[in-house]
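Breakdown of the fold
Listed below are the residues making up each chain.
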Amino acid sequence: MLDAAALWLVTPLEHEWGVLVGPGLTHTRFGVSRTGVGGVVSAGVRRGIGPRLTVRSHAMSGDGIGVATRVELGLVLTR
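Just so it is clear, the structure is predicted and the values come from calculations on it, not from any experiment.

1. Considering the overall build of the protein chain
Counting secondary structure elements, the protein chain contains 0 helices and 6 strands. Start at the N end of the protein chain and walk to the C end: the helices and strands fall as β-β-β-β-β-β. Counting only C-alpha atoms, the protein chain reaches 45 × 20 × 15 Å along its principal axes. Counting all 79 residues of the protein chain, 24% fall into the buried class. Sequence-distant contacts in the protein chain: of pairs separated by 6 or more residues, those separated by 24 or more amount to 37%. Here the protein chain displays about 5,300 Å² of accessible surface, and carbon together with sulfur accounts for 65% of that area.

Have a look at this one:
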C-alpha cells in the first residue's frame, strides 16, 4: 500500500494545534491492484506531543469503482 499527500496548513502558524488539507493519492495491491485520487484532512497537534486525526477519502479505480475512506488516529512526537 502506498499513500502520498501534499498538505497545507489552514490555521495560524503560531498555534501548536492545526488543521491541514490537501490532495492525496493512494495505491493498493491487496487482491486486485487499485489506484485512487482524492483529499486528505488532518487535525491535531502540529508541534509537541499529542493526538492527530487524519481522514483520507479517495475515488478508486478498478471493477469495484467507488470511494474508499480511511480514518487514522495517531500520536505526534515533535519538538
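2. A few points about the side chain of T28
With respect to the helices and strands, T28 occurs in strand β3 (residues 17–28). Setting aside its immediate chain neighbours within four residues, T28 contacts M1, S33, R34 and M60.

3. Let's talk about a nonpolar patch on the surface
On the surface, L53, V55, V71 and L73 cluster together to form a nonpolar patch covering roughly 380 Å² of accessible area. Relative to the helices and strands, L73 resides in strand β6 (residues 66–77).

4. Considering the environment of V32
In this structure, V32 sits in the loop between β3 and β4 (34–45). Considered as a pair, V32 and M1 are 31 residues apart in the sequence and their alpha carbons are 12 Å apart.

Parameters at a glance
- All residue numbers here refer to positions counted from 1 along the written sequence of the relevant chain.
- With pLDDT at 70 or above as the cut-off, local features in this predicted model cover only qualifying residues; side-chain atom pairs require 80 or more to be listed or tallied, and sums for whole chains, interfaces and linings still use all residues.
- No hydrogens and no water enter the side-chain calculation; it runs on all heavy atoms of the structure.
- Secondary structure elements follow DSSP: runs of H or I of four or more residues count as helices, runs of E of two or more count as strands, with numbering from the N terminus.
- A simple rule labels every residue: compare its accessible area, found with a 1.4 Å probe on the protein chains alone, to the largest value its type can have, and call it buried under 20%, exposed over 50%, or partly exposed in between.
- Residues count as neighbours in contact if any of their non-hydrogen atoms are within 4.5 Å of one another.
- Residue burial considers only the protein chains on display, and all accessible areas are found by Shrake-Rupley using a 1.4 Å probe.
- For patch detection, residues must exceed 30% relative accessible area and be free of salt bridges, and they are connected within 9 Å for like charges or within 5 Å for nonpolar side chains (Val, Leu, Ile, Met, Phe, Trp, Tyr).
- Salt bridge, as applied in this entry: a Lys or Arg side-chain nitrogen positioned within 4 Å of an Asp or Glu carboxyl oxygen.

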